[in-house]
Amino acid sequence: QHYFIQSNLRYIMESTDITEGFKSLESSRDTCSNLLMQWLDDLQDLWNEVGIAPEQQITRIKVVYDNLLELMQAMVEEEKSRRDGYIENIDKCRSECIRLSEELETTFEEPESEFTVLQKEKVLRDQVKQLLKERQLRLREAINLRTQEGELCARLGRIPEYIQSDTVLTKDQVKEATTRIGFLTAERNKREIKLAVAAKDILRLWKELNIRSKNEREEQIESGSLDSFQLSNENMTWLEQMKETLTVRPESNVIESLVTMNMLLSISPRSLIIQPIFSAIKVEF
């Protein structure tokens, strides 16, 4: 009996007319109804051939009906559950869109009211993906700004402003950070030029005075490692003082020599032998 029904079903489903019949909703309903009637007729023919009593046939038809009813109810519940899942996902996507749009200071578009559940779910899901992508770009921007400001402040010996790398910056925060970085970049460039000029003069004076470096800062100047020289306010002041000291030192040496010679001349007449030299030095000075 089961083999006969399965064979009959396979024949019916493979029929071209049946396949064509499922191309529209109305025709599909008619096709299902016709198939059900055909199967019931096949069952009744089998039962009559076998000799099943009418009462038993009714009982068996009721079993068929109960099985079909259970199948259809299960399908309806399954589709309701699927629909409820879509609606739940719509609510989640809408909440995520609201949260992300507020964080990014932007807006999102609600799906058209006439859209189906699936269409609404797709529209909102796509917007969530787009907003998440934008959030990743903004987070990367925050990391880049934090890195730039950190490197500039380390070069200038300053404490950088705190920029969270795991939080999206507001538009005002991005503007403020960009302005700070621009100022720090200009200040670094100005100090690097000043350092290069001062280092060149200091090296020249050291060479003239036969002076060698004595500490880390002086070693950086002597070795030409200016990239590692911190451009802090303290170091820039040290550069100016160093250059000023070296510039004044030769003049101070000459003055000290003149004072010493003058003392010798005043103490001993025999020192008159150096007076011509003394006069020549004063003239030269």
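Residues numbered from 1 in each chain as written. Predicted model: local features only at pLDDT ≥ 70, side-chain atom pairs only at ≥ 80, totals over all residues. Heavy atoms only, no water.

Trainee: Residue-level account of the packing of aromatic side chains, with values.
Mentor: Under the definition given, this model contains one aromatic pair. Seen in terms of ring centroids, F229 and W238 are 6.3 Å apart; in terms of plane orientation they differ by 35°. Their pairing is tilted. (Phe/Tyr/Trp six-rings, centres within 6.5 Å; stacked < 30°, edge-to-face > 60°.)

Trainee: How would you explain the confidence of the model for the chain if you had to name every residue and give the values?
Mentor: Averaged over every residue, the pLDDT of the chain is 81; residues scoring 70 or more account for 78%. Contacts from residues 1–9, a stretch scored under 50 in pLDDT, to residues over four places away or in other chains number eight contacts. Low pLDDT, under 50, characterises residues 270–274; the stretch is placed with five contacts to residues that sit more than four places away or in other chains. (pLDDT = per-residue confidence, 0-100. Contact = heavy atoms within 4.5 Å.)

Trainee: So what about the pattern of salt bridges? Which residues, and what values?
Mentor: Inspection of every chain in the model, using the stated rule, returns 20 salt bridges. Here K92 ties to E88 by a salt bridge, and the two come within 3.6 Å at their closest N and O atoms. One end of the pair is K92 and the other is E88, both in helix α4 (residues 54–104) and four residues apart, which spans about a single turn. Given the relative accessible area of 53%, K92 is considered exposed. For the salt bridge of E187 with R191, the shortest nitrogen-to-oxygen distance reads 2.7 Å. Placement of the pair is E187 and R191 together in helix α6 (residues 171–209), with a separation of four residues, close to one helical turn. Comparing E187 with R191, the two get one shared label, buried. (Salt bridge = Lys/Arg side-chain N within 4 Å of Asp/Glu carboxyl O. Helix = DSSP H or I, 4+ residues; strand = E, 2+ residues; numbered from the N terminus. Buried < 20%, exposed > 50% of the residue type's maximum accessible area, 1.4 Å probe, protein only.)

Trainee: Could you give an account of a negative patch on the surface, with specific residues and numbers?
Mentor: On the surface, a cluster of negative charge is contributed by E105, E161, D172 and E176. Within the secondary structure, E161 is located in the loop between α5 (117–156) and α6. (Patch = residues over 30% accessible without salt bridge, like charges linked within 9 Å, V, L, I, M, F, W, Y side chains within 5 Å. Areas by Shrake-Rupley, 256 points an atom, 1.4 Å probe, with all protein chains shown as cover. Lys, Arg positive; Asp, Glu negative; His and termini not counted. Charge placed at Lys NZ, Arg CZ, Asp CG, Glu CD.)

Trainee: Go over the nonpolar core with me, naming the residues and quoting the values.
Mentor: L145, I202, W206, I221, F229, L239 and L246 are the most contacted members of the largest nonpolar core, which totals 26 residues. Put simply, the parts of the chain that give this core at least two residues each are α5, α6 and α8 (233–267). Among the elements that line this core, the one with the most residues is α6, at ten residues. Among the nonpolar cores identified, the runner-up in size contains eleven residues, and I90, C93, L100 and V128 belong to it. (Core = buried A, V, L, I, M, F, W, Y, C linked by side-chain atoms within 4.5 Å.)

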